[in-house]
Amino acid sequence: MNESQSLPREKLRILFVISRFLDGGIDTVLVELLKNLVRNSSTLHGTLVITHKMAGKEVFLDQIPPDVDIHYMVSERWLLWYKRRKLDGHRNHLLSLLDEVFLNPIRNYRQRRRFRRFQQNVDVVIDIDSRAHSMIDWSLLTLNIAYFHFSFQHLLDTHPHYMRRTAKGLAHYDYVVSISKEMALEGARLFPWLRDKLVTIYNAVRRDHLLRRASEEVTHPLWYRLSHEGFMLAVERLEESQKDLTTLIEAYAVLTHKMSYVPHLVVLGEGKDRETLQSLIDQRGLTEHVHLLGFTQNPYPWMKQAQLMVHSSKFEGLPTVLIEALMLGKQIIASDCPTGPREILADGKAGILVPVGDVQALADAMHAVLTDVALQERLREGVSNQTMLFQPRENILKLMELLGE
């Protein structure tokens, strides 16, 4: 956007766009952004565009503020049938090929054409998951901002073609918001053309809202038993391409041989690898102790009650669940993966960091946090010192500066 361009006459019209609206961390970032930025604002008007309608998978839809308009670029069932099946773990090479060859061109054409109609009537485009660059009309004088949520280095190592294509797309935006400082340093080093566009804005969490929801009643049939017998908790999607619940389950199995009594392990989340993970639990003889309870819209009573929060992952951006655990004053163990956990946990002062995929190190860390009272007290002090970084006010002000407000 040219510096001489004047932004809005009355309200600043912002078009938020996300490729699909599911139950993950990026989706909760969007919800909180809309609540903190748009709700009750006298200077902003928000419209949310969701590229693909995922029907019953859009579990946070009712949390979008009512004054935000919601539209879909592609909602036809026949165009999205296979994409929806993939979310449930039903993959087929032939169907995937047919979808890519015949349906993807139709989807791309419709979403570009429909998106540009919306873009013509707004002042700012905020691309929440960095996937809208093929739809945006760069000739229109909108301010274009992309959010990037993952480690540049990890994606370059594991999906080089995708990461290089995405980096070229990011070059068109006015700003690229990285959600951690480590991530911004990676992006500037690997893709120099992004250096002057990268801005770090942390995901913000409203502690008062979190505490209210953490006090709500839980009706799950296992709640009474687990809350009285004690449990550790992981809140993450059951997708081993990014998460690493396999290592957590194996570490829990090791822990059962080190302690006479081990709290239950509860996992809140859903995903395509549920059956594989349940099979591992059964093979290790942990069926009565490790519980995959599925997705819940309100995990915070579980987080509040848990003796320990564990986050095992291969790579991240800035995992919101760890920030929420900080806000609730929890004992935390996390994989020292790129990027986010080390930054959130203050280099290990506010939680224990363990190497990615190291079963023994994770088991030892869980044992230490459950049994070492001095360690627990040290971590509590670190958690208290770290929470101020992720309060909404400071981070929303940074975004407002980008918007010229």
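See above for the structure.
Rules and cut-offs
Residues numbered from 1 in each chain as written. Predicted model: local features only at pLDDT ≥ 70, side-chain atom pairs only at ≥ 80, totals over all residues. Heavy atoms only, no water. Helix = DSSP H or I, 4+ residues; strand = E, 2+ residues; numbered from the N terminus. Rg over C-alpha atoms; globule rule 2.2 N^0.38 Å. Buried < 20%, exposed > 50% of the residue type's maximum accessible area, 1.4 Å probe, protein only. Phe/Tyr/Trp six-rings, centres within 6.5 Å; stacked < 30°, edge-to-face > 60°.

Thoughts on the overall build of the chain
Counting its secondary structure elements, the chain contains 16 helices and 13 strands. At 22 Å, the chain has a C-alpha radius of gyration in line with the 22 Å of a compact globule built from 405 residues. Dimensions along the principal axes, computed over C-alpha positions, put the chain at roughly 65 × 50 × 45 Å. Within the chain, the proportion of its 405 residues that are buried is 56%.

A look at unusual backbone geometry
Here the residue pair Pro338 and Thr339 is connected by a cis peptide bond, since its omega of -15° sits within 30 degrees of zero. Looking at the secondary structure, you find Thr339 in the loop between strand 12 (332-335) and helix 13 (341-344). The backbone of Ser130 shows a phi angle near 60°, a positive value even though the residue is not glycine. Mapped onto the secondary structure, Ser130 falls in the loop between strand 4 (124-127) and strand 5 (143-148). Under the relative-accessibility criterion, Ser130 is labelled buried at 3%. Positive phi, close to 60°, is recorded for Asp347, a residue that is not glycine.

Details of the packing of aromatic side chains
Here the structure, examined in full by the defined rule, presents 10 aromatic pairs. When the centroid spacing of 6.5 Å and the interplanar angle of 65° are considered together, the rings of Trp223 and Phe231 count as edge-to-face. Phe231 carries the same exposure label as Trp223, and that label is buried. For the pair Phe231 and Trp302, a centre-to-centre distance of 5.7 Å together with 65° between the ring planes defines the contact as edge-to-face. Here Phe231 is found in strand 8 (residues 231-235), whereas its partner Trp302 is found in helix 11 (residues 300-305), with 71 residues between them in sequence.

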